[in-house]
Amino acid sequence: MYSILLVEDDEFVCKAIEIILRKQDYIISIAKNGQDAMQYLQKSKFDLVITDLMLPYANGMELVSKMRNELHLDVPILVLSAVTHEKTITEGFDIGVDDYLKKPFNPSELASRVKRLIQQKEKNTI
């Protein structure tokens, strides 16, 4: 089974994503803010991180930057956010985001992107 860290402060969105991904047999850990996410990342190994950009304590971009530059994690990162500014999206890709999905999202598209990112990681590990 694959393990996913979901970083999302909106309870409704969090629950919806959790239901979608648990149906696909993923193990989900939830962090409500960037600070909690960093603690999870320092203690556990994940196959994928899904994060919002607008988070308390450390926003999604800060989290991605710390994951790549301080923790040196190569785990795939999917940003799931209502922020649609092209500059923000390209900045995310520049600092190490692997994929971006806009809110509101289609559940089947989320499941498909999650599966693809994990499969890509598997191919790169072999």
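Residues numbered from 1 in each chain as written. Predicted model: local features only at pLDDT ≥ 70, side-chain atom pairs only at ≥ 80, totals over all residues. Heavy atoms only, no water.

Moving on to the UniProt feature "modified residue: 4-aspartylphosphate" (unreviewed entry) in the chain. Per the UniProt annotation, the sites labelled "modified residue: 4-aspartylphosphate" (unreviewed entry) are Asp52. Following the sequence through the fold, Asp52 ends up in the loop between strand 3 (48-51) and helix 3 (60-69). You can call Asp52 buried: its relative accessible area is 7%. Excluding residues that lie within four positions of it along the chain, Asp52 makes contacts with Val7, Glu8, Asp9, Gly60, Leu80, Ser81 and Lys103. Separated by 3.4 Å, the side chains of Asp52 and Ser81 make a polar contact. (UniProt positions renumbered as here; feature names shortened; annotations may be inferred. Helix = DSSP H or I, 4+ residues; strand = E, 2+ residues; numbered from the N terminus. Buried < 20%, exposed > 50% of the residue type's maximum accessible area, 1.4 Å probe, protein only. Contact = heavy atoms within 4.5 Å. Polar contact = N/O pair within 3.5 Å; in protein donor to acceptor, adjacent residues only side chain to side chain.)

All right, on to the pairing of strand 2 (residues 27-31) then. In this structure, strand 1 (residues 3-7) lies alongside strand 2, joined through five bridges in parallel fashion. Across the sheet, Leu5 pairs through a bridge with Ser29, a residue of strand 2. Note on the crossover from strand 1 through helix 1 (residues 11-22) to strand 2: the handedness is right-handed. (Pairing = 2+ DSSP bridges. Right-handed = clockwise from strand over helix to strand, strands pointing away.)

Per the stated rule, a full pass over the model turns up one aromatic pair. The interplanar angle of 70° and the centroid separation of 6.4 Å between the aromatic rings of Tyr40 and Phe46 together place this pair among those described as edge-to-face. The class of Phe46 is buried, set by a relative accessible area of 6%. (Phe/Tyr/Trp six-rings, centres within 6.5 Å; stacked < 30°, edge-to-face > 60°.)

Right, let's get into helix 2 (residues 34-43). Of all the positions in helix 2, only Gly34, Ala37, Met38 and Leu41 are classed as buried. For helix 2, the arc enclosing every buried residue in end-on projection is 100°, short of the 170-degree limit, so these residues lie on one face. On its buried face, helix 2 sits against strand 1, strand 2, strand 3 and helix 3. With a side-chain oxygen lying 3.0 Å from the backbone nitrogen of Gln35, the N-terminal cap of helix 2 falls on Asn33. (Arc of directions from axis to C-beta.)

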